[in-house]
Amino acid sequence: MIPEFGQLALALALCLALVQATLPLIGAANGRVDWMALARPAAAGQFVFVAVAFAALEYALLNDDFSVEFVAAHSNSALPIFYKATAAWGGHEGSMLLWIAVLAIWTMAVAAGSRSVPQEFASRVLGVLGIVSAGMIAFAFFTSNPFTRLTPPVTDGNDLNPLLQDPGMIFHPPTLYLGYVGAAVPFAFAVAALLSGKLDRDWAKWTRPWTIVAWIFLTCGITLGSWWAYYELGWGGWWFWDPVENSSFMPWLMTTALLHSLAVTERRGIFKSWTVLLAIAAFSLSLLGTFLTRSPVMISVHAFAADPARGLFILGLLGLFTGGSLLLYAPRASNFEAEGGFQLVSREAFLLANNILLVSATGAVLFGTLYPLFIDALGLGKISVGPPYFNVMFLLPVLPLAALVGVGMHSAWRMTPGQLLLRRLRWPAVGALVVGVAAPFAIFGAASALTLLAVTIAVWVCASSLLDPVRRLVLRTGAPLTRAQMGMCLAHFGVGVFMLGATVASAYNLEFDVSAKPGDRVEAGGYEFVFRSVRSVQGPNFTADEGEFELLANGKSLGILKPQIRLYQVQRSPMTEAAIDTNVLRDVFLALGEPLGADAWSLRIQVKPLIGFLWLGSGLMALGGLVAITDRRYRVATREARSTEHVEQPAAGAA
Amino acid sequence: MRSRTQRKLFIGLVLVGITVAGAFAYRAFQENLLYFFSPTQVVAGEAPARTFRLGGMVLAGSFTREPGSLTSHFVVTDNVQSVGVTYTGVLPDLFREGAGAVVVGRMSGEREFAADEVIAKHDENYMPPEVAQALEKAREAKGE
């Protein structure tokens, strides 16, 4: 009964989404207040029914209802209860339901947080979100219904893919989706502005905090995914330029560009049509990512076996949303007048450079991701684009971008005298150059030109980001910093820390594949591994061979490492569980491979200096975003909203 | 940007940047394209001398290794032709006889391939899509 209840709830949610997608937009166009007032209750109702549908799926999963096809395919009675719950996003149908649920959360948040915005505009935003939601619910309902029954039911399920049986699975997909789907909010704001023809600095001010929140989730989601890949999937790699990784990374790059462009639009009233275009592009790339992962065009851990109808449906939605918004955009773009000009050396110019470079980086990644698909579709053969392409093409725009960060954040709006910039920045620049060139040689003894350049730029970004906070908080001079400025400094500092980690971890990564027997001592990368034993251990739904190793450095014990190789019983697939010894400066990574005969096992040992800086840097970026949205001007907007809420309440209640 | 000269300068710089980036892109792209070949194509002499991807089924019973050594040897087949593969290193979790695999490397002799990398990334049917297609093609060719 419960699954049918879930399906019914989904159908009702679709009806309410259709109401939300039509009446408020028509009302806004004709100035009918009663129709516009339907937006919030429709959104709230939709949220409730989507929540009921999601709860129904969870109920089926937690109660081992194997008469539901999705549960039978992605769960098992022996699965630990945590993973039974997270199996909801371990397959295609459930993850689409998660997509819809996340959009419903965003819609509710916008409905509640947009009370300070004129009703006509808020109705349009919610209406556009309703269109997106209706499209996605229809997609789930007609092509990927998670509540389909299985006749006859099976006695036990096919189990969750062992790769997904990991704590990372609890957080990575929902966080990523919050970011991914969150790109729909700036998109809705942009389309609403196109519909109303009014695109001013207020518009940018309303859009910006939503964009930042979506960006924070996207940053955290991608970082969690990368971390998960590092210790679970990748034998120690943290980024593979896998098409599915790219499809979450491209919206991140675009949202980052959008954040910066919105800053210019908010402060100076320029770059308007460009900002709108970025908002459309960011959401389109999110949808493209959904299409790439949900159609049979590629195979990876993320791609669930898919059927072509689904791919076509999503492609249709992508065409509708992107094409529709661009059709609205084309005749209006020239109407959005710039409210001022700027000089060649000014913050606007640096932000323009930021945008051009970020868009170039996105273009390079997009090209490398889609080219093999086109070639395949045209029947010209199967090719793949190797990671070196992405490394070169990504670094090419990103290194100058990072170098400009330090200058851009210290330049003023409209124009900055070059002399002043030079005077402020010369010591950080000299310092970065000295540290960046000397440190790699001093610590690692050798360095390539690219490493020196990247380390120098990373140190430069860190130093220039700390300049203002240090001046203000330590030396107590200069103007007080707003929260937005603090957030910016923190996020940019995070970029520097991340770059340092990425550069050093890639350039000085040590990797050894060795064969060893219990009792052997293996020396690798300045560490000593004493192979003590291999024994069998029994998990809840797997058996494993567990190695026991003592890790020593300079004869001193650093602890015991216990890598496992697991065999999951239902799907009979082996999984490597690496053991990692972590400290701030390096990770020692040890994975147990297969038995090689004659008592020997293959081992993969990796020593990765500064890899922790990757996660630290990404965390700082997200934290910077968090600090920035607590800025006074957004808090004031909320407070104004709260005082008007009492007036609006009866109207909403009556409707 | 107020003055006309500044605007021209800016556009010029952007164009130069795009050209340089385009040239780099083209080179990086050409160097990193990896083509896929099936054992039938390799035996027919279609495979290049440079690095490429070879895919097929790992022939059941063909896997051997010196006890205790990291070097292994196995045969990749599309059920019509087959190519021997040598690889030194840790094999991926999902590598097994009778399942599909893609290996990256270059030819080391007549019907012998030296792999730098073994990829066993696939769906629940243990079959990378390229391999499934290659098998299909080989089967058709044989049937005719």
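Reading the values: the criteria
- Residues numbered from 1 in each chain as written.
- Chains lettered and ligands numbered in written order.
- Predicted model: local features only at pLDDT ≥ 70, side-chain atom pairs only at ≥ 80, totals over all residues.
- Helix = DSSP H or I, 4+ residues; strand = E, 2+ residues; numbered from the N terminus.
- Buried ≥ 20, exposed ≤ 12 C-beta atoms within 10 Å, placed from the backbone.
- Contact = placed C-beta atoms within 7 Å.
- Nonpolar A, V, L, I, M, F, W, Y, C, P; charged D, E, K, R; others polar.
- Pairing = 2+ DSSP bridges.
- Axes fitted to C-alpha atoms, helices over the stretch in contact; angles between N-to-C directions.
- Domains from an automatic or database assignment.
- Parallel < 35°, antiparallel > 145°, perpendicular 65-115°, else oblique.
- Left-handed = near helix turned anticlockwise from the far one by under 90°.
- Expected span 1.5 Å × (residues − 1).
- Core = buried A, V, L, I, M, F, W, Y, C linked by C-beta atoms within 7 Å.
- Bend = angle between axes of the 7 residues up to and from the residue.
- pLDDT = per-residue confidence, 0-100.

Caption draft 1: How the structure looks around the overall build of chain B. For chain B, the count of helices and strands is three helices and seven strands. Here chain B holds 144 residues, and 30% of them are scored as buried.

Caption draft 2: Representation of the interface of chain B and chain A in the model. Taken together, the contacts link 31 residues of chain B with 33 residues of chain A. Broken down by secondary-structure element, the contributors of at least two residues to the side of chain B that touches chain A are α1 (4-32), β1 (33-37) and α3 (129-143) of chain B. Here the residues of the side of chain B that touches chain A are counted per class, giving 17 nonpolar, six polar and eight charged. Taken together, the three bridges between strand β1 (residues 383-385) of chain A and β1(B) define a ladder with antiparallel strand orientation. The residue bridging A:Ser384 from the neighbouring strand is B:Leu34, located in β1(B).

Caption draft 3: Highlighting the sheet that holds strand β2 (residues 510-516) of chain A. Residue and element names in this part refer to chain A. An order of β2-β11-β10-β9 is seen for the four strands of this open sheet, with the pairing classed as antiparallel. Only two strands of the sheet have a single partner each, and these edge strands are β2 and β9 (579-582). Neighbour to neighbour, the strand axes of the sheet diverge by 20° on average, direction disregarded. Judged from the nine bridges that link them, strand β10 (residues 586-597) and strand β11 (residues 600-609) form a sheet pairing that is antiparallel. Paired with Arg 586 across the bridge in β11 is Pro 609.

Caption draft 4: Structural view of unusual backbone geometry. That bond from A:Thr151 to A:Pro152 is cis: its omega, -5°, falls within 30 degrees of zero. Locating A:Pro152 in the fold gives a position in the loop between α7 (119-143) and α8 (168-182). A positive phi is found at A:Phe271, a non-glycine position, where the angle reads about 60°. Despite not being glycine, B:Asn79 has its phi angle at roughly 75°, a positive value. Its 15 C-beta neighbours within 10 Å are what place B:Asn79 among the partly exposed residues.

Caption draft 5: Region of interest: the domain arrangement of chain B. Its domain assignment divides chain B into domain 1 (1-33) and domain 2 (36-143). Computed over C-alpha atoms, the centres of domain 1 of chain B and domain 2 of chain B are 42 Å apart.

Caption draft 6: Representation of the packing of helix α9 (residues 184-196) of chain A against helix α12 (residues 272-293) of chain A within the structure. Residues and elements named next belong to chain A. Direction vectors running N to C along α9 and α12 enclose 135°, while the axes themselves pass 8 Å from each other. Here α12 runs oblique to α9, going by the angle between their axes. Between α9 and α12 lies a crossing of left-handed hand. Contact with α9, carried on its side by Ala 184, Pro 186, Phe 187, Phe 189, Ala 190, Ala 193 and Leu 194, involves Val 276, Ala 279, Ile 280, Ala 282 and Phe 283 of α12 and no other residues of that element. Of the residues assigned to the contact of α9 with α12, the class counts are twelve nonpolar, no polar and no charged.

Caption draft 7: Region of the structure containing α8(A). Residue and element names in this part refer to chain A. For α8, spanning 15 residues, the distance from its first C-alpha to its last is 21 Å, which sits close to the expected 21 Å at 1.5 Å a residue. In terms of burial, α8 is a largely internal element, eleven of the 15 residues being buried. Every buried residue of α8 is listed here: Met 169, His 172, Pro 173, Thr 175, Leu 176, Tyr 177, Leu 178, Gly 179, Tyr 180, Val 181 and Gly 182.

Caption draft 8: Broad picture of the environment of B:Glu130. With respect to the element layout, B:Glu130 can be found in helix α3. Remark: the alpha-carbon pair of B:Glu130 and B:Tyr35, spanning 95 residues in sequence, is separated by 11 Å. Each residue touching B:Glu130, except ones within four places of it in the same chain, is listed here: A:Lys382, B:Phe36, B:Gly55 and B:Val102.

Caption draft 9: Fine view of the nonpolar core. If you look at the biggest cluster of nonpolar residues, it comprises 216 residues, and the most contacted ones within it are A:Ile100, A:Ala184 and A:Leu590. Ranked by residue count, the leading element in this core is helix α10 (residues 201-233) of chain A, at 19 residues. Core analysis: the next-biggest nonpolar cluster, separate from the first, contains 27 residues, B:Ala47, B:Phe95, B:Ala101 and B:Leu135 among them.

Caption draft 10: Focus on the pairing of strand β7 (residues 564-568) of chain A. Residues and elements named next belong to chain A. A large share of β7 lies buried, amounting to four of its five residues. Summarising the sheet, β7 and strand β8 (residues 573-577) pair through five bridges and their orientation is antiparallel. Bridging from a neighbouring strand, Arg 566 pairs with Met 575 of β8. Here β7 folds back onto β8, and the loop between the two strands holds four residues, one of which, Arg 572, carries a positive phi near 50°.

Caption draft 11: Representation of the packing of helix α11 (residues 243-268) of chain A against α12(A) in the model. Residues and elements named next belong to chain A. Two elements in contact, α11 and α12, have axes separated by 9 Å at closest approach and are oriented at 165°. What the angle tells us is that α11 and α12 run roughly antiparallel. Along this stretch, α11 crosses α12, giving a crossing that reads as left-handed. When the residues that make up the contact of α11 with α12 are grouped by side-chain class, the tally is 16 nonpolar, nine polar and one charged.

Caption draft 12: Highlighting the environment of A:Ile26. Residue and element names in this part refer to chain A. Along the chain, Ile 26 turns up in helix α1 (residues 2-30). Given 14 C-beta atoms within a 10 Å radius, Ile 26 is considered partly exposed. On a C-alpha basis, the gap between Ile 26 and Gln 606 in space is 61 Å, while along the polypeptide they are 580 residues apart.

Caption draft 13: Focus on the pairing of strand β6 (residues 100-109) of chain B. Residue and element names in this part refer to chain B. As paired elements, strand β2 (residues 52-58) and β6 share six bridges and run antiparallel to each other. Counted as the bridge partner of Gly 56 is Ala 101 from β6. One ladder, built from seven bridges, connects β6 with strand β7 (residues 112-119); its direction is antiparallel. Bridging from a neighbouring strand, Val 104 pairs with Glu 117 of β7. Where β6 folds back onto β7 in an antiparallel hairpin, the turn is made up of two residues, including Arg 111, whose phi is positive at roughly 60°.

Caption draft 14: Spotlight on the environment of B:Ala132. Position of B:Ala132 among the secondary structure elements: in helix α3. With 76 residues separating them along the chain, B:Ala132 and B:Gly56 place their C-alpha atoms 7.9 Å apart.

Caption draft 15: Summary view of helix α15 (residues 387-408) of chain A. For α15(A), with 22 residues, the first-to-last C-alpha span of 30 Å sits near the 32 Å given by 1.5 Å per residue. Taking the largest bend as the criterion, α15(A) deviates by roughly 35°, centred on A:Leu395, and proline A:Pro397 comes between one and four positions later.

Caption draft 16: Structural context of the confidence of the model for chain B. For chain B, the mean per-residue pLDDT works out to 82, and 90% of the residues sit at or above 70. Reported confidences for the modelled complex are a pTM of 0.91 and an ipTM of 0.80.

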